[in-house]
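Here is how the chains run, residue by residue.
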Amino acid sequence: MVGYDPRADGKNISKFEVAVAGSLSGLVTRALISPLDVIKIRFQLQIERLSRSDPRAKYHGILQAGRQILQEEGPAAFWKGHIPAQLLSIGYGAVQFLSFELLTELVHRATLYDARDFSVHFMCGGLSACAATLAVHPVDVLRTRFAAQGEPRVYKTLRDAMVTMYRTEGPLVFYKGLNPTLIAIFPYAGFQFSFYSSLKHVYEWAVPAEGTTNGNLKNLVCGSGAGVISKTLTYPLDLFKKRLQVGGFEQARTAFGQVRSYRGLLDCAKQVLQEEGSQGFFKGLSPSLLKAALSTGLVFFWYELFCSLFHSLKKADS
């Protein structure tokens, strides 16, 4: 189970093992979904409509974008920024799942609420994601800059990026887009955890349990469903975050089409609405939903799998 389980009191794995399981689940998932993440970021940052009918649009579909990136930049482009992305996933996974475990245990021990309730999972999931975001946001900014740059590259290495960004834009550059990130991540992660738990109950009602294989499939399917629902409900804020994170980075974006500068979250939303219409808020939604289904499903799948492994090893030693 994800989060503290009162029914298994005394049999839960250690907090260290929770953090390790969260880190490993993030690491494996990130390596698998990186190409979709790069395409999603390219879509989100494109000012022109994602349509064949717009001659200025560099990208207009997932397959077309994939082919063009492959032709122009080679297969390695799909893992641009992969090192900061992996640092992000490992750190984020550890802090998020550990925080969620601690918060749900606190709710169980200090309040009258059931730690497994939808509302409890929503609040604890949102707060744990905010804690993880504060811990790893600078790495997220670095990852976005790497994924967004074309050829020739502005940043050659991770160290070069950190030094250049600090010198040219100051220390606050590493927290660009933090406000929309926190605003978006709280409901997004809250819905992820709460819908994951709820969908598991629905799955168990609809499909009789048939051992470990069925349990693994349940975790994957319910995680994917939770990811799609959560991403759809909170997507515009994710787009604003990406636009704000590449502010001051316009020279590396000229090869991809028009570039814009934004003074903040509200200004970004206003400009997107005026220039790109309401559909502009959902640019890149298709690869984002595909990525959300895969990433959330795989994160919960691997997390539960690693937790089960740790539990089995603990049981064997006792």
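See the structure shown above.
Rules behind the numbers
Residues numbered from 1 in each chain as written. Predicted model: local features only at pLDDT ≥ 70, side-chain atom pairs only at ≥ 80, totals over all residues. Heavy atoms only, no water. Salt bridge = Lys/Arg side-chain N within 4 Å of Asp/Glu carboxyl O. Helix = DSSP H or I, 4+ residues; strand = E, 2+ residues; numbered from the N terminus. Buried < 20%, exposed > 50% of the residue type's maximum accessible area, 1.4 Å probe, protein only. Phe/Tyr/Trp six-rings, centres within 6.5 Å; stacked < 30°, edge-to-face > 60°.

K.L.:
Give a description of the pattern of salt bridges that names residues and reports values.
P.N.:
Counted by the stated rule, this structure contains 17 salt bridges. A salt bridge links K15 to E105; the nearest nitrogen and oxygen atoms lie 3.0 Å apart. Here K15, found in helix 1 (residues 15-45), pairs with E105, found in helix 3 (residues 82-110); they are 90 residues apart in sequence, far enough to count as distant. By relative accessible area, which is 15% here, E105 ends up buried. The salt bridge partner of K176 is E169, with a shortest N-O separation of 3.2 Å. Among the residues examined, E169 registers a relative accessible area of 23% and is labelled partly exposed. Members of the salt-bridge network, linked through shared partners, are R30, D37, K40, D140, K231, D238, K241 and K291.

K.L.:
Which residues make up the packing of aromatic side chains, and what values do they have?
P.N.:
Under the criterion given, the structure shown has 15 aromatic pairs. Here F97 and F193 contribute two aromatic rings whose centre-to-centre distance is 5.8 Å and whose plane-to-plane angle is 70°, an arrangement assigned as edge-to-face. Taken as a pair, F97 in helix 3 and F193 in helix 6 (residues 178-206) lie far apart in primary sequence, 96 residues in all. Judged by relative accessible area, F97 falls into the buried class, the value being 2%. Both rings, one in Y196 and one in F300, keep their centres 4.0 Å apart while their planes meet at 5°; by these two values the pair is stacked. Residue Y196 is located in helix 6, and its partner F300 is located in helix 9 (residues 285-317); the two are separated by 104 residues in the primary sequence. Across this residue pair, the class does not change: Y196 and F300 are buried. Feature note: the residues F97, F100, F193, Y196, F300 and Y303 constitute an aromatic cluster, connected by ring pairs.

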